[in-house]
Amino acid sequence: RATGRAGFADDDAKGRRVSFPRDDNHRVALTYGARNLRPWLPRLHAALYTQWTDRADRVRFYTAGFGEEVSRTDKLGTFLHVGAVAYATFRPAPKHHLTAGVDGVFEQLDLDRRTTVFSGGQPVFTDVTAEYGQARRSEAGVFAQYAVRPLRWLRVVAGARYDVVDIWAGQVPFELSRTHQ
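This is a predicted model, so every value here is computed, not measured.

A separate point is the environment of Asp110. On the secondary structure map, Asp110 appears in strand S5 (residues 96-119). Taking the relative accessible area as the measure of exposure, Asp110 reaches 24% and is therefore partly exposed. In sequence terms Asp110 and Gln134 are 24 residues apart; their C-alpha atoms lie 5.0 Å from each other. Once residues lying within four places of it in the same chain are set aside, the contact partners of Asp110 are Leu76, Gly77, Thr78, Tyr132, Gly133 and Gln134. At 3.3 Å, the side chain of Asp110 and the side chain of Gln108 are in polar contact.

Dropping the structure here:
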């Protein structure tokens, strides 16, 4: 399905039109939660989730008065996000709670750009660039939090977390790789 967007004030001045010929977003989540399984196990939680996006973004430039298309840029991208989290809360003693768990995420981005230049309504040049080819990020973590309530009006909490993160940029064209030098 084609999805448009509200025009910006400078779109008409620049002779530009932006649309999204394809914009699909799919999400799924599976969760499990339980409370008060045992006196020492007041909470248990687990979740697995994913999101997948497939999008085409089209920008067209025209001559004055939107008479003739002079260039078109299509960005075609897919984004995958998969994650999970699991944790449990334990009660080792009255007024004491220990929450411990793990979580992780994997993301992948593929984005291609195709630019076509027109003359007399006919394409005269097309350039295809893989802006990001299979750029990936993986992250995993473990965490723990200990809470104690020594007084009815006071709660003391200490926590720790450890994360491992791996990022791979994939194929990045030369002109994009120089943008932050």
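After that view of the structure, there is still more to cover.
Let us now look at the packing of aromatic side chains. Applying the stated criterion to the full structure yields one aromatic pair. Between Trp40 and Phe90, the aromatic rings sit 6.5 Å apart at their centres with planes inclined by 5°, giving stacked as the arrangement. Here Trp40, found in the loop between strand S2 (16-38) and strand S3 (41-62), pairs with Phe90, found in strand S4 (residues 69-90); they are 50 residues apart in sequence, far enough to count as distant. On the basis of relative accessible area, Trp40 is assigned to the partly exposed category, the value being 47%. Residue Phe90 is classed as partly exposed on the basis of its relative accessible area, which comes to 31%.

Going through the model one piece at a time under the given rule, you end up with nine salt bridges. Arg137 is the salt-bridge partner of Glu107, the closest N and O atoms lying 3.0 Å from each other. Here Glu107, found in strand S5, pairs with Arg137, found in strand S6 (residues 122-151); they are 30 residues apart in sequence, far enough to count as distant. With a relative accessible area of 17%, Glu107 lands in the buried category. Among the ionic pairs, Arg137 bridges to Glu139, the shortest N-O distance being 2.4 Å. Using a relative accessible area of 24% as the deciding quantity, one classes Arg137 as partly exposed. In this structure, a network of salt bridges that share partners links the residues Arg60, Glu69 and Arg72.

Scoring rules and cut-offs
- Residues numbered from 1 in each chain as written.
- Predicted model: local features only at pLDDT ≥ 70, side-chain atom pairs only at ≥ 80, totals over all residues.
- Heavy atoms only, no water.
- Helix = DSSP H or I, 4+ residues; strand = E, 2+ residues; numbered from the N terminus.
- Buried < 20%, exposed > 50% of the residue type's maximum accessible area, 1.4 Å probe, protein only.
- Contact = heavy atoms within 4.5 Å.
- Polar contact = N/O pair within 3.5 Å; in protein donor to acceptor, adjacent residues only side chain to side chain.
- Phe/Tyr/Trp six-rings, centres within 6.5 Å; stacked < 30°, edge-to-face > 60°.
- Salt bridge = Lys/Arg side-chain N within 4 Å of Asp/Glu carboxyl O.

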